[in-house]
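Letter by letter, the chains look like this.
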Amino acid sequence: MSANVDLRAKASGPSVVRYLDVVKRYGSFTALAGVSLDVHAGEVVCLIGPSGSGKSTLLRCTNGLETIDGGEIEFEGARLGRDERTLRAMRQRMGMVFQNFELFPHLTAEQNVAEGPRTVLRTGLAEAKRRAAAMLTKVGLADKAASYPSALSGGQQQRVAIARALAMEPDVMLFDEPTSALDPETIGEVLNVMKVLADEGMTMLVVTHEMSFARRVGDWVAVFDAGRIVEEGPPEQIFDRPATPRTRDFLSHLGWDA
Amino acid sequence: MTLDWSVVWQYRAALAEGTATTFLLTIATMAIALPCGIVVAGLRLYGAAPLRALATGYVELFRNLPLILVVYWAFYVLPILTGLGLSALATGLAALSLNVTAYNAETFRAGINSIRRGQVEAALALGMTRTQALRRIVLPQALRRVLPVLASTWVSLFKDTSLVSVIAVTELAYVSMQVRAQTFRVLEMLTAMAVIYWLLGYPQAKLVDWIQRRYAVSE
Amino acid sequence: MHLDYSVITANWRFLADGVGITVLLALASGAASLIAGFVLALLRLRGPRWLRPAIVFYIDSMRSIPVLVVLVWTFFALPIVAGVTMSPFTAGLIGLTVHLAAYAAEIVRAGIESVRPGQTRAALALGMSHPQILRRVVLPQALVRMLPAFGSLLSVTIKDTAIASVIAVPELMRRAETVAGQSFQPIEVYTFAMLVYFVLLYPVTRGVDRFYRRVAHLGRS
């Protein structure tokens, strides 16, 4: 942990997600060994680090897809719901984008995006369709509304997945390696959509290997290793002047010249 | 050896009735075994531990018993155990239903399990309840996968109705063999029986092939 | 309700011999249909073109006609046509083999066709001949893939031997009927028969499952 929290540009905003000494174990394997982190409103926080270091696990604990074994997670000031109903209510205010897109194959793009409002928020069909159309336009896929996922490229599918999460009007967007399963040509279109979201002030928590994205768009970067955060700070510090040897090692292995 | 094929024509009414009973048995069994299969699969996947064990025991039992034995058992043992006096037709229907329900339960269970966990996670992440995720995301996809298997089970069931002939249910096989016994026209009647089954079963088998091609799933 | 299982012990020998016939019939027809199935599938895939429609017709016919009908026709009608007499066991063996070989042929065909064409291309690139490719590259992988289906077919074979009781083959089902009829104790006898069949069948499916899981990686390409 570094002592430059004062360099944190948007730390004045309200806390959206707060991790306090979060511990998560799978049998004898400790995936998270006491992680503490704050995410403030409007911030883009990027989680980077080697595979298996706990980044995705932390994300999946955030919306309760995994349960934690120690510590606390707070969402908008309240402890993460322990019972299904409270948890579900919190999930409705979080949007999640998966590495494998996980679009529903039996629904068209428009139906995928409208599914959340219709089934969860019980919005009327007309209103749900209107919202879906708006979100698809936002991600640049208005013309693909009637297409099934199997007819879309990976980048297009992921953009539809982003639209699906946005249709719920969440307070925070959780991205779990959104571009790791994409062909190089389509990575750019997804990152562009994410940048637009960031510019609009969406609070984002992004697990990624795209270092240039984290450098350009991130407000705060946390470096993971073996279930702990070994360094966190603004992107200029992490990428240009890394303070810890672990961070330097990790970045140099990726070919990133500090 | 003189062959007299006219017996087949002579007894066409009886054979037609037998065929009708065969179809009736098939349709009635499926009508029972489809919903029951879903229920048993549901118990097996989502039920409390004792229910789960019961459902699994039921499926494993009937998948590992010859159907003809179940037919005999139903005929001789059910009346004593339950005190009910069922007709042969009802008994046959009961035996077939017990058998096919077990196979359907397995089909539905495998179909639901074949849907990737990520689909459920994506649904939950949107804020759906587990029931909503099952109903709107898992089942529609699972249905597509089970359809070819159910079609195949249907054809097997159609052929298996012949087994209830052993308890004198007047379906096609029984009627054919009765006519044979009465007329002593062994080769003619037995060949006619085979041909009629072939005429009825062949198109069904081809339909199953078409369904399997149409609904083939590639991961 | 008073159950008296002494009827089982009294007829122990008789019933045990029935189990022996069941196992013998299952193994014999199983082996015969396996061999016939392989031959038919290979003839269909690699044999003369004119033979294919005939094989397909045979396979589709066996999918359409119940086992009972095949067995009854083999025992009662075939002797008339062929002028031979045969024992119930022989008729049962022939009938079961003819019926099951169709399913075996389909399993073999599906197994062979499921091996990726890239495997054949790679073998050709190495300079192998087609018979060599079949023998050393395709069949070994295909055999692994066929295992679960064959396990299932063996299970079906054992169950189908019970149908042979209809043509008086002295296997377990037939003998259970006899004892039940003579003793007027159907509950005990048929429950016993159920137990025996379950004990025969359950390990077959479980065993194939477990064996397949250990060797599955050998068939994956």
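Quick look at the structure, then.

Notes on the overall build of chain B
(1) Moving on: A count of helices and strands for chain B gives 10 helices and zero strands.
(2) Moving on: For chain B, the N- to C-terminal ordering of α and β elements is α-α-α-α-α-α-α-α-α-α.
(3) Moving on: Oriented by its inertia axes, the alpha-carbon framework of chain B measures out at about 75 × 45 × 25 Å.
(4) Moving on: Of all intrachain contacts in chain B linking residues separated by at least 6 positions in sequence, the fraction that spans at least 24 positions is 79%.
(5) Moving on: Of the roughly 9,900 Å² of accessible surface on chain B, 66% is carried by carbon and sulfur atoms.
(6) Moving on: Once the 18 positive and 10 negative side-chain charges of chain B are each reduced to a mean point, those two points are 12 Å apart.

Points about the overall build of chain A
(1) Moving on: In terms of regular secondary structure, chain A is built from nine helices and 10 strands.
(2) Moving on: Against the globule reference of 18 Å for 258 residues, chain A gives a C-alpha radius of gyration of 18 Å, in line with a compact fold.
(3) Moving on: Here the C-alpha coordinates of chain A stretch approximately 55 × 40 × 40 Å along the principal axes.
(4) Moving on: Restricting the contact set of chain A to residue pairs at least 6 apart, pairs at least 24 apart contribute 67%.
(5) Moving on: Put simply, chain A shows about 10,700 Å² of open surface, and 48% of that area lies on carbon and sulfur atoms.
(6) Moving on: Both charge centroids of chain A, one from 29 positive and one from 34 negative side chains, sit 5 Å from each other.

Points about the sheet that holds strand β2 (residues 29-40) of chain A
Residues and elements named next belong to chain A.
(1) Moving on: Here four strands make up an open sheet; going across it, the order is β2-β1-β4-β5 and the pairing antiparallel. The open sheet has two free edges, formed respectively by β2 and β5 (78-79), since each of these has just one partner strand.
(2) Moving on: Pairing analysis gives five bridges linking strand β1 (residues 15-26) to strand β4 (residues 70-75), with the strands arranged antiparallel. Across the sheet, residue leucine 20 finds its bridge partner in β4, namely glutamate 72.

Some words on the pairing of strand β8 (residues 203-207) of chain A
Residues and elements named next belong to chain A.
(1) Moving on: Within β8, five of the five residues are buried, which leaves the element mostly enclosed by the surrounding structure.
(2) Moving on: Here β8 shows two buried faces, one formed by Thr203, Leu205 and Val207 and the other by Met204 and Val206.
(3) Moving on: In this sheet, β8 lies alongside strand β3 (residues 44-48) in parallel orientation, the contact comprising four bridges. When the sheet's bridge partners are listed, cysteine 46 is paired in β8 with valine 206.
(4) Moving on: Relative to β8, strand β7 (residues 172-176) is paired through five bridges, and the arrangement is parallel. The residue bridging leucine 174 from the neighbouring strand is leucine 205, located in β8.
(5) Moving on: As for the winding sense of the linkage, the β-α-β connection from β7 through helix α6 (residues 184-199) to β8 is right-handed.

Some thoughts on the interface of chain B and chain A
(1) Moving on: Taken together, the contact between chain B and chain A spans 18 residues of the former and 23 residues of the latter.
(2) Moving on: For the pair chain B and chain A, the summed buried area comes to about 1,800 Å², and 57% of that belongs to carbon and sulfur atoms.
(3) Moving on: Among the residues chain B hides against chain A, the three largest losses belong to Ala125, Leu126 and Arg136 of chain B. Together they make up 32% of the total.
(4) Moving on: In this assembly, chain B and chain A are joined by three salt bridges.
(5) Moving on: Among the elements that line the side of chain B that touches chain A, the one with the most residues is helix α7 (residues 117-125) of chain B, at eight residues.
(6) Moving on: For the side of chain B that touches chain A, a count of residues per class yields eight nonpolar, six polar and four charged.

A short note on the interface of chain C and chain B
(1) Moving on: With 37 residues of chain C at the contact, the number on the chain B side is 39 residues.
(2) Moving on: When chain C packs against chain B, the two sides together hide about 3,400 Å² of surface, and 75% of this comes from carbon and sulfur.
(3) Moving on: On the chain C side of the contact with chain B, Arg63, Ser64 and Met194 of chain C bury the most area, a combined 18% of that side's loss.
(4) Moving on: For the pair chain C and chain B, the number of links is three salt bridges.
(5) Moving on: The residue arginine 63 of chain C makes a salt bridge to aspartate 209 of chain B at a minimum N-O spacing of 3.2 Å.
(6) Moving on: Applying the counting rule to chain C against chain B returns 11 residue pairs in polar contact (both at pLDDT 80 or more).
(7) Moving on: The dominant element in the side of chain C that touches chain B, judged by the number of residues it contributes, is helix α9 (residues 186-215) of chain C, at 12 residues.
(8) Moving on: Residue classes in the side of chain C that touches chain B are distributed as 27 nonpolar, five polar and five charged.

Observations concerning the state of the cysteines
(1) Moving on: Using the criterion set out here, one finds zero disulfides over all chains in the structure.
(2) Moving on: Looking at the unpaired cysteine 61 of chain A, the closest cysteine sulfur is the one in cysteine 46 of chain A, lying at 19 Å.

Quick look at the pattern of salt bridges
Residue and element names in this part refer to chain A.
(1) Moving on: Scanning the model with the defined rule gives 31 salt bridges over all chains in all.
(2) Moving on: A salt bridge links arginine 159 to glutamate 189, with the shortest nitrogen-to-oxygen separation between them at 2.9 Å. Here arginine 159 is found in helix α5 (residues 154-166), whereas its partner glutamate 189 is found in helix α6, with 30 residues between them in sequence.
(3) Moving on: Judged by its relative accessible area of 12%, arginine 159 falls in the buried class.

Quick word on the side chain of glutamate 188 of chain C
All names here are of chain C.
(1) Moving on: Note on placement: glutamate 188 falls in helix α9.
(2) Moving on: Within the buried set, glutamate 188 has no salt-bridge partner at all; the shortest N-O distance to an opposite charge, 19 Å, is to arginine 175.
(3) Moving on: One polar contact links glutamate 188 to glutamine 185, side chain to side chain, over a distance of 3.1 Å.

Some words on the environment of alanine 146 of chain A
(1) Moving on: Within the secondary structure layout, alanine 146 of chain A lies in the loop between α4 (125-138) and α5.
(2) Moving on: Distance in space between the C-alpha atoms of alanine 146 of chain A and alanine 109 of chain A is 6.1 Å, their sequence separation being 37 residues.

Some thoughts on the packing of aromatic side chains
(1) Moving on: Applying the stated criterion across every chain yields a total of 12 aromatic pairs over all chains.
(2) Moving on: Geometrically, the ring pair formed by tyrosine 76 of chain B and tyrosine 190 of chain C is stacked, given 5.6 Å between the ring centres and 15 degrees between the ring planes. Within this pair, whereas tyrosine 76 of chain B is found in helix α4 (residues 67-76), its partner tyrosine 190 of chain C is found in helix α9, the two belonging to separate chains.
(3) Moving on: Judged by its relative accessible area of 2%, tyrosine 190 of chain C is buried.
(4) Moving on: A connected cluster of aromatic rings, assembled from ring pairs, spans Tyr72, Phe75 and Tyr76 of chain B together with Tyr190 of chain C.

Some words on the sheet that holds strand β9 (residues 220-225) of chain A
All names here are of chain A.
(1) Moving on: Pairing is mixed across the open sheet formed by six strands, whose spatial order is β6-β7-β8-β3-β9-β10. Two strands lie at the open edges of the sheet, namely β6 (94-97) and β10 (228-233), each paired on one side alone. Strand-to-strand twist in this sheet, taken as the mean axis angle between neighbours without regard to direction, amounts to 15 degrees.
(2) Moving on: Here β6 pairs with β7 via four bridges, running parallel. Within β7, the residue paired with methionine 94 across the bridge is valine 172.
(3) Moving on: Lying over the sheet, α5 contacts β6 and β7, oriented at roughly 170 degrees with respect to β6.

A closer look at the nonpolar core
(1) Moving on: Ranked by size, the top nonpolar core spans 103 residues in total, and within it Met193 of chain B together with Ile112, Met146, Phe150, Met173 and Tyr190 of chain C carry the most contacts.
(2) Moving on: Per element, the largest residue contribution to this core is 10 residues, and it comes from helix α5 (residues 88-113) of chain C.
(3) Moving on: Among all residues touching tyrosine 190 of chain C, those that are not within four sequence positions of it are Leu69, Tyr72, Trp73 and Tyr76 of chain B together with Met173, Ala176, Glu177 and Ala180 of chain C.

Here is what the cut-offs are and how they apply
Residues numbered from 1 in each chain as written. Chains lettered and ligands numbered in written order. Predicted model: local features only at pLDDT ≥ 70, side-chain atom pairs only at ≥ 80, totals over all residues. Heavy atoms only, no water. Helix = DSSP H or I, 4+ residues; strand = E, 2+ residues; numbered from the N terminus. Contact = heavy atoms within 4.5 Å. Areas by Shrake-Rupley, 256 points an atom, 1.4 Å probe, with all protein chains shown as cover. Lys, Arg positive; Asp, Glu negative; His and termini not counted. Charge placed at Lys NZ, Arg CZ, Asp CG, Glu CD. Rg over C-alpha atoms; globule rule 2.2 N^0.38 Å. Pairing = 2+ DSSP bridges. Buried < 20%, exposed > 50% of the residue type's maximum accessible area, 1.4 Å probe, protein only. Right-handed = clockwise from strand over helix to strand, strands pointing away. Buried area = accessible area lost by both parts, 1.4 Å probe. Salt bridge = Lys/Arg side-chain N within 4 Å of Asp/Glu carboxyl O. Nonpolar A, V, L, I, M, F, W, Y, C, P; charged D, E, K, R; others polar. Polar contact = N/O pair within 3.5 Å; in protein donor to acceptor, adjacent residues only side chain to side chain. Disulfide = S-S within 2.5 Å. Phe/Tyr/Trp six-rings, centres within 6.5 Å; stacked < 30°, edge-to-face > 60°. Axes fitted to C-alpha atoms, helices over the stretch in contact; angles between N-to-C directions. Core = buried A, V, L, I, M, F, W, Y, C linked by side-chain atoms within 4.5 Å.

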